Amino acid sequence: MHREPVALATSIVRNSVALMAVGLLAKGMGLVIAVLIARFLGPSAMGVFALLFSIALLIEYVAPLGLQDVLIRDVAAHPRARVRLWSQASKLALAASLVPAAAFLVAAYLYREDATLRSSLLTLAFGMPCSAMALVSQSVLQGMEKILYITWTTFLTRIASLVALIVMLMQGMGVESAFISRVMFQATSAAFFAWMILRNPPEPADAAHPGIALARTMPFAVNRLLTESSTRAPLLLL
């Protein structure tokens, strides 16, 4: 069923503003975390955080293999297949996230003499599957046009993770506290997103969606890799 032009335009504007708010919140929260790390732990810890954070962001956005871009369109076109699409994409994203998680585990072993660095790398390894689930689930919700739900969930979980970070810093924890709070945000977001997707599942359509094909997702994955690499390269060099 097609919506009226005014209703469609209103929906587009509302969703665009909500997604922009999510992006601004992410950027703002990153700045706040950086200030807290510098204030509590000093410039050396800030350097370690900036390096690991840039690497983690690059890997997190590329690890789902471009599933985010395909899911938004497929769920919007086949809303009654959302649960099956989410399930298939989640399995693929989780499997793909195990590769960078293993790499972080190896790095943690190699830097095992540095307790803070080792703890940070272990936390990043544990957070890779959480990040993959959060990104995949968010894409499904975007296809369902649950943008306001994404916005409010992201806002509340980020505030909760920020409070947890402040508590950990005040108790004397190091750089790993920033990554622990990030994993908390990713895990809780993924849980709330999955709850909304699985809530009141629709009856499957007669003409079922064929499913997620990696051949369709890989061009998006390459594009994300190039885009994120060009964005993160200056930070990594610094």
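Residues numbered from 1 in each chain as written. Predicted model: local features only at pLDDT ≥ 70, side-chain atom pairs only at ≥ 80, totals over all residues. Heavy atoms only, no water.

## Some details on empty space enclosed by the protein
One way to see where empty space is left: roll a probe the size of a water molecule over the atoms. Within the structure shown, the criterion is met by one cavity of 30 Å³ or more. Volume-wise, the largest cavity comes out at about 40 Å³. Lining the largest cavity are Glu60, Thr123, Leu124, Gly127, Phe179, Arg182, Val183 and Gln186. Only helix H5 (115-143) and helix H7 (176-198) provide two or more residues apiece to the lining of the largest cavity. Counting residues per element, the lining of the largest cavity draws most heavily on H7, which supplies four residues. Tallied by class, the residues present in the lining of the largest cavity amount to three nonpolar, three polar and two charged. (1 Å grid on protein atoms, 1.4 Å probe; cavity = no way out; pocket = protein on both sides within 12 Å on 5 of 7 lines; lining within 4 Å. Points joined across faces, edges and corners; volume = space filled by probe spheres on them. Helix = DSSP H or I, 4+ residues; strand = E, 2+ residues; numbered from the N terminus. Nonpolar A, V, L, I, M, F, W, Y, C, P; charged D, E, K, R; others polar.)

## Here we look at the packing of helix H2 (residues 43-62) against H5
As a packed pair, H2 and H5 sit with axes 10 Å apart at the nearest point and diverge in direction by 30 degrees. Taken as axis vectors, H2 and H5 run roughly parallel relative to one another. You can see that H2 and H5 cross each other, and the crossing is right-handed. In contact with Val48, Leu52, Ala56, Ile59, Glu60 and Tyr61 of H2, H5 contributes Leu117, Ser120, Leu121, Leu124, Met128, Ser131 and Leu135. Here the residues of the contact of H2 with H5 are counted per class, giving 10 nonpolar, two polar and one charged. (Axes fitted to C-alpha atoms, helices over the stretch in contact; angles between N-to-C directions. Parallel < 35°, antiparallel > 145°, perpendicular 65-115°, else oblique. Left-handed = near helix turned anticlockwise from the far one by under 90°. Contact = heavy atoms within 4.5 Å.)

## Things to note about the packing of aromatic side chains
Considering all chains together, one arrives at three aromatic pairs under this definition. The interplanar angle of 15 degrees and the centroid separation of 5.2 Å between the aromatic rings of phenylalanine 49 and phenylalanine 53 together place this pair among those described as stacked. Of this pair, phenylalanine 49 and phenylalanine 53 both sit in helix H2, four residues apart, which is roughly one turn of that helix. Exposure remark for phenylalanine 49: the relative accessible area of 4% places this residue in the buried category. By relative accessible area, phenylalanine 53 is classed as partly exposed at 21%. Ring geometry for tryptophan 152 against phenylalanine 155: centres 6.1 Å apart, planes inclined by 90 degrees, an arrangement best described as edge-to-face. A residue pair is termed a helical-turn pair when its members lie 3 or 4 positions apart in one helix, as tryptophan 152 and phenylalanine 155 do in helix H6 (residues 147-170) at three residues. For tryptophan 152, a relative accessible area of 56% gives the class exposed. (Phe/Tyr/Trp six-rings, centres within 6.5 Å; stacked < 30°, edge-to-face > 60°. Buried < 20%, exposed > 50% of the residue type's maximum accessible area, 1.4 Å probe, protein only.)

On their own, these measurements won't tell you what the molecule is for.
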